[in-house]
Amino acid sequence: MDAPSCRWVLAADDPAGLAAFYGALLHQPPVAGQGPSHWLVGLPAGGRLEIYAPARSRRRPRQEGRLALCLQRRAGPEGNGGAMLQAWISEAEAAGARLLEGPRQEPFGWEAWLTDPEDNRLLLLVAA
């Protein structure tokens, strides 16, 4: 029996647009999936993000929840986590993200909370 795999699945009003957003942030090209409303974005550490438009008979309303996608990078040996995070936030905003909570240093690194172009919560983390 094969071991299970883990994937993130995001419902989207504009799957191609949201795939382009995450592809840009992850530096991974989005790939067409199993139809025109299904896209795949590889995750650098393995696995993938699947983005799709739900069937009209199964519309999922947008809702705020406690689950969020976290994209993480490691700070360089120079200890430049704050500068790295600020540059990443600028990249995300240029791609359509909206900043919710600005950069903050925590014991584990630098973090900032944003929303993606479809209002899903997104945590950018530069780990110490």
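You'll find the structure just up there.
Quantities reported herein were computed from a predicted structural model and do not represent experimental measurements.

Engineer: An account of the layout of surface pockets is needed here, citing residue identities and associated values.
Structural biologist: Taken as a whole, the second largest pocket encloses approximately 300 Å³ of empty space. Surrounding the second largest pocket, 17 residues form its lining, Leu43, Pro44, Ala45, Gly46 and Cys70 being those nearest its centre. Those elements giving two or more residues to the lining of the second largest pocket turn out to be β1 (7–11), α1 (15–26) and β5 (69–74). Residue contributions to the lining of the second largest pocket peak at five residues, all from β5. Class assignment for the residues of the lining of the second largest pocket results in 11 nonpolar, four polar and two charged.

Engineer: Go over the side chain of His38, please, and point to the residues and values.
Structural biologist: Positionally, His38 belongs in strand β3 (residues 38–42). For His38, a relative accessible area of 13% translates into the label buried. Side chain to side chain, His38 and Glu50 meet in a polar contact 2.9 Å long. Among all residues touching His38, those that are not within four sequence positions of it are Val31, Ala32, Gly33, Glu50, Ile51 and Tyr52.

Engineer: Quick rundown of the packing of α1 against helix α2 (residues 81–94)? Include the residues and the values.
Structural biologist: At a minimum axis distance of 10 Å, the contact between α1 and α2 shows a crossing angle of 160°. For the element pair α1 / α2, the angle class is roughly antiparallel. Crossing of α1 over α2 shows right-handed handedness. Residue-level inspection shows Phe21, Ala24 and Leu25 of α1 in contact with α2, the latter providing Trp88, Glu91 and Ala92.

Thresholds applied
- Residues numbered from 1 in each chain as written.
- Predicted model: local features only at pLDDT ≥ 70, side-chain atom pairs only at ≥ 80, totals over all residues.
- Heavy atoms only, no water.
- 1 Å grid on protein atoms, 1.4 Å probe; cavity = no way out; pocket = protein on both sides within 12 Å on 5 of 7 lines; lining within 4 Å.
- Points joined across faces, edges and corners; volume = space filled by probe spheres on them.
- Helix = DSSP H or I, 4+ residues; strand = E, 2+ residues; numbered from the N terminus.
- Nonpolar A, V, L, I, M, F, W, Y, C, P; charged D, E, K, R; others polar.
- Buried < 20%, exposed > 50% of the residue type's maximum accessible area, 1.4 Å probe, protein only.
- Polar contact = N/O pair within 3.5 Å; in protein donor to acceptor, adjacent residues only side chain to side chain.
- Contact = heavy atoms within 4.5 Å.
- Axes fitted to C-alpha atoms, helices over the stretch in contact; angles between N-to-C directions.
- Parallel < 35°, antiparallel > 145°, perpendicular 65-115°, else oblique.
- Left-handed = near helix turned anticlockwise from the far one by under 90°.

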